[in-house]
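Architecture at a glance
Chain by chain, the residues run as shown.
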Amino acid sequence: MSGSQERPLRADAARNRARLLDAATEVFTTRGVDVPTEEIARAAGVGVGTLFRHFPTKEALLAAVMVRRLEAIAADTAELAAGADPAGAFFDCFRLVVDRSAGKNEFTQALAAAGVDVHASLQESTAAIRDRLAGLLAGAQRAGAVRTDLGLPELLALLVGTGTTMEQLRDDRAARERIYEVVFDGLRPR
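So, how was this worked out
Residues numbered from 1 in each chain as written. Predicted model: local features only at pLDDT ≥ 70, side-chain atom pairs only at ≥ 80, totals over all residues. Heavy atoms only, no water. Salt bridge = Lys/Arg side-chain N within 4 Å of Asp/Glu carboxyl O. Helix = DSSP H or I, 4+ residues; strand = E, 2+ residues; numbered from the N terminus. Expected span 1.5 Å × (residues − 1). Buried < 20%, exposed > 50% of the residue type's maximum accessible area, 1.4 Å probe, protein only. Contact = heavy atoms within 4.5 Å. Phe/Tyr/Trp six-rings, centres within 6.5 Å; stacked < 30°, edge-to-face > 60°. 1 Å grid on protein atoms, 1.4 Å probe; cavity = no way out; pocket = protein on both sides within 12 Å on 5 of 7 lines; lining within 4 Å. Points joined across faces, edges and corners; volume = space filled by probe spheres on them. Nonpolar A, V, L, I, M, F, W, Y, C, P; charged D, E, K, R; others polar.

Topic: the pattern of salt bridges
Scanning the model with the defined rule gives seven salt bridges in all. The closest approach of N and O atoms between arginine 68 and aspartate 22, which form a salt bridge, is 2.6 Å. Of the two residues, arginine 68 sits in helix 4 (residues 58-81) while aspartate 22 sits in helix 1 (residues 11-31), which places them 46 residues apart along the sequence. Among the salt bridges present, the one from arginine 31 reaches glutamate 39, with a minimum N-O distance of 2.5 Å.

Written out as structure tokens, the structure reads:
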């Protein structure tokens with residue numbers, strides 16, 4: 001094996017890494033990015049040394065959480081796109097992206113403040129999501145479920161804006177549903 005190839009993680013190390021990412025995702029999303037790494041290690045049931053072996057800095061952990069979240073969104077949007085109902089897939093995907101984007105701005109701001117090139121580190125996952133959104137939008141438009149004058153740039157702006165709005169309404173499910181109704185009504189053709 002050459003020195004440039006990464007060795008696969010041992011099974012226990014892979015489990016520890018996954019537990020750390022699960023715990024970090026939960027803690028960062030619910031309590032914010034200022035939570036000390038020691039608390040994340042404790043929540044994952046590992047020592048802080050184990051955390052730092054996998055993620056040498058808190059920023060590396062934040063970036064890994066962001067990449068993982070985006071990869072999960074990309075996988076779920078692919079699954080939705082494979083469905084038979086283009087209209088349902090589009091609106092379900094809109095909800096999925098908005099619901100899963102909670103805390104994203106705080107993550108990206110923390111990474112940018114630490115000097116991490118957020119766009120470069122998330123480029124691959126973001127591109128996959130954009131491609132899927134473009135396909136879902138086109139399918140929903142062909143099915144007559146979404147207005148044809150809406151392009152991908154406007155859709156992305158609506159997703160970001162709706163996500164920001166939803167963060168303000170975290171615990172008010174009824175208000176969140178009304179926001180979705182208003183946005184979805186605006187997306188449908190007249």
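Alright, that's what it looks like, and here's the rest.
Some remarks on helix 5 (residues 86-100)
Given a rise of 1.5 Å per residue, 15 residues ought to cover 21 Å, and the 21 Å separating the end C-alpha atoms of helix 5 matches this to within 8%. Those residues of helix 5 that sit buried are Ala87, Ala89, Phe90, Phe91, Cys93, Phe94, Leu96, Val97 and Val98.

Some thoughts on the environment of valine 183
Turning to its location among the elements, valine 183 is positioned in helix 9 (residues 173-187). On a C-alpha basis, the gap between valine 183 and leucine 158 in space is 8.3 Å, while along the polypeptide they are 25 residues apart. Leave out the neighbours within four places in its chain, and valine 183 touches Phe94 and Thr162.

Describing the packing of aromatic side chains
Counted under the stated rule, the structure contains four aromatic pairs. Centroid distance phenylalanine 94 to phenylalanine 184: 5.4 Å. Interplanar angle 85°. Geometry classified as edge-to-face. Of this pair, phenylalanine 94 sits in helix 5 while phenylalanine 184 sits in helix 9, and the two are 90 residues apart along the sequence. Judged on exposure class, the residue phenylalanine 94 and its partner phenylalanine 184 are both buried. Relative to phenylalanine 184, the ring of tyrosine 180 lies with its centre 5.5 Å away and its plane at 40°, an arrangement referred to as tilted.

Looking at empty space enclosed by the protein
What the rule picks out here adds up to one cavity of 30 Å³ or more. Counted as a void, the largest cavity has a volume near 30 Å³. Mapped by element, the contributors of at least two residues to the lining of the largest cavity are helix 5 and helix 7 (118-142). With three residues, the top contributor of residues to the lining of the largest cavity is helix 5. The class makeup of the residues in the lining of the largest cavity is six nonpolar, no polar and no charged.

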